[in-house]
Amino acid sequence: MKTLSETAAFGGTQAVYSHQSAACDCEMTFAVYLPPQATSGKVPVLWYLSGLTCTHENAMTKAGAQAWAAEVGIALIFPDTSPRGDAVADHADYDLGQGAGFYVNATETPWAPHFRMWDYIVNELPDLVFETLPLDRTRQGITGHSMGGHGALTIAMTHPETYRSVSAISPIANPTKSDWGRKQLGAYLGTDEGKWQAHDASVLMAERGYPGPMLIDQGASDQFLDLLKPEALVAAAAARRQPIEFRMIQSYDHSYFYVASVMEDHIRFHAARLAEVG
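Cut-offs used in this document
- Residues numbered from 1 in each chain as written.
- Predicted model: local features only at pLDDT ≥ 70, side-chain atom pairs only at ≥ 80, totals over all residues.
- Heavy atoms only, no water.
- Helix = DSSP H or I, 4+ residues; strand = E, 2+ residues; numbered from the N terminus.
- Buried < 20%, exposed > 50% of the residue type's maximum accessible area, 1.4 Å probe, protein only.
- Core = buried A, V, L, I, M, F, W, Y, C linked by side-chain atoms within 4.5 Å.
- Contact = heavy atoms within 4.5 Å.
- Salt bridge = Lys/Arg side-chain N within 4 Å of Asp/Glu carboxyl O.
- Polar contact = N/O pair within 3.5 Å; in protein donor to acceptor, adjacent residues only side chain to side chain.
- 1 Å grid on protein atoms, 1.4 Å probe; cavity = no way out; pocket = protein on both sides within 12 Å on 5 of 7 lines; lining within 4 Å.
- Points joined across faces, edges and corners; volume = space filled by probe spheres on them.
- Nonpolar A, V, L, I, M, F, W, Y, C, P; charged D, E, K, R; others polar.
- Bend = angle between axes of the 7 residues up to and from the residue.
- Arc of directions from axis to C-beta.
- Pairing = 2+ DSSP bridges.

Undergrad: Where do I start with unusual backbone geometry in this structure?
TA: Comment: phi is negative for the bulk of residues other than glycine, and the bulk of peptide bonds are trans. Going from T109 to P110, the amide bond is cis rather than trans, its omega being 5°. Topologically, P110 is positioned in the loop between β5 (75-79) and α3 (117-132). With phi around 65°, F102 is a residue other than glycine that occupies positive phi space. Its place among the elements puts F102 in the loop between β5 and α3. The residue K229 is not glycine, and still its phi comes out positive at about 55°. As for its placement among the helices and strands, K229 is situated in the loop between α7 (225-228) and α8 (230-239). Judged by relative accessible area, K229 falls into the partly exposed class, the value being 22%.

So, in structure tokens, the structure goes:
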């Protein structure tokens, strides 16, 4: 694990690292914010998964999360959104290829050799950071924005034993029924739509839900609202009586101004659950 930068922030440290990923077969970059409490012991962790076109840097610099994380004493991890490099397949469209990993393990050509973001986020990167940094593996939460919200919800519902808390901001909530999803799932996983179902938050909500409350925020003026389809997730949650707080917030769009506006609520939501014993 190579340290690319370390910067003091709110009494803690904002660092950026790179490492050679076995899952993605390329060099990957990620960022970690350690709050001041990490100097005296292991701290809980909140994973933040970013959206289409983003890198580790977008939320790190724009979400305003560090101030709230320092106050409540939790670490933040900002992974990249895809494998990268000259040897990694890409596409001319912004919503496919590098910057658009969609948090799945690709099985199709030309994506399969590198696009294994599910394994990277769920297994490889956690093994690396928990071995190296003062982080408490028994207290993990996960959140994300847009494509990252999709990843956070599907990962948490698939591995509820790992993630004590989950939230999402403007998630791609029903990708098997949306152009933001059908295109990517078809490219990465093939034409058998049965294989797509494990990566649709609305389908997983209907099938299994999550053993705890969820916080979902959505801007009412989001220019991508028809692609996100939050109504499918809300309907599935209502049908299974899943504890969920869904907030359609007037005037807000899909930007990081919106993300920063609700970030305090999400940090505090996770901090409260990660502080619980057992």
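Undergrad: Would you take a moment to explain the nonpolar core for this structure?
TA: Side chains of nonpolar character tend, in soluble globular proteins, to be buried together. One finds W47, Y120, V129, L135, I142, L153 and Y188 to be the most contacted residues of the largest nonpolar core, which totals 66 residues. It is α3 that contributes the most residues to this core, nine residues altogether. Excluding anything up to four places from it in sequence, L135 contacts L34, K42, V43, V45, A75, I77, V129 and F130.

Undergrad: Help me understand the pattern of salt bridges in this model?
TA: Opposite charge on two side chains makes pairing possible when the charged atoms of those side chains draw close. Following the criterion strictly, the structure yields 11 salt bridges and no others. Between E193 and R182 there is a salt bridge whose closest N-O contact spans 2.6 Å. With E193 in the loop between α5 (179-189) and α6 (201-207) and R182 in helix α5, the pair connects residues that are 11 residues apart, well separated along the chain. R268 serves as the salt-bridge partner of E264, at 2.9 Å between the closest nitrogen and oxygen.

Undergrad: I keep staring at the side chain of H145 and nothing clicks. Help me out?
TA: Inspection of the secondary structure assignment puts H145 in the loop between β6 (135-144) and α4 (147-158). Of note is the side chain of H145, whose polar atom sits 3.1 Å from the backbone oxygen of H254. Contact partners of H145, with chain neighbours within four places excluded, come to Y48, L49, S50, G51, I169, S170, H254, Y256 and V259.

Undergrad: Whenever I open this one, the layout of surface pockets confuses me. Can you help?
TA: With a probe scaled to a water molecule rolled over the atoms, the places where space remains empty come into view. Looking at the largest pocket, its volume works out to about 170 Å³. What lines the largest pocket is G51, L52, T53, C54, Y94, H145, S146, W180, F224, H254, S255 and Y256. Split by residue class, the lining of the largest pocket holds six nonpolar, six polar and no charged.

Undergrad: I tried to follow α3 on my own but got confused; where do I start?
TA: Helical geometry: 3.6 residues make up each α-helical turn, so side chains three or four residues apart lie on a common side. A maximum bend of about 35° is found in α3 at L125, where proline P126 lies one to four positions downstream. Considered for burial, the residues of α3 that qualify are M117, W118, Y120, I121, V122, E124, L125, P126, L128, V129 and F130. Close packing links the buried residues of α3 with β2 (12-21), β3 (26-34), β4 (43-49), β5, β6 and α4.

Undergrad: I would appreciate a short explanation of α8 in the present structure.
TA: Along α8, the positions that sit buried rather than exposed are P230, L233, A236 and A237. Down the axis of α8, the buried set is contained in an arc of 130°. They therefore lie on one face. Those residues of α8 that are exposed and angled more than 90 degrees off the buried face are E231, A238 and A239. Just past α8, the residue R241 takes up positive phi, approximately 55°.

Undergrad: Explanation requested: the pairing of β3 in the structure shown.
TA: For a regular strand, side chains alternate in direction, first toward one face of the sheet and then toward the other. Counted residue by residue, β3 has seven buried out of nine residues, so it is predominantly covered. One ladder, built from nine bridges, connects β2 with β3; its direction is antiparallel. When the sheet's bridge partners are listed, S21 is paired in β3 with C26. In textbook terms, the turn of a hairpin is the stretch between consecutive antiparallel strands, and for β2 and β3 this stretch comprises four residues, one of which, D25, has a positive phi near 55°.

So yeah, pure geometry; function would need other evidence.
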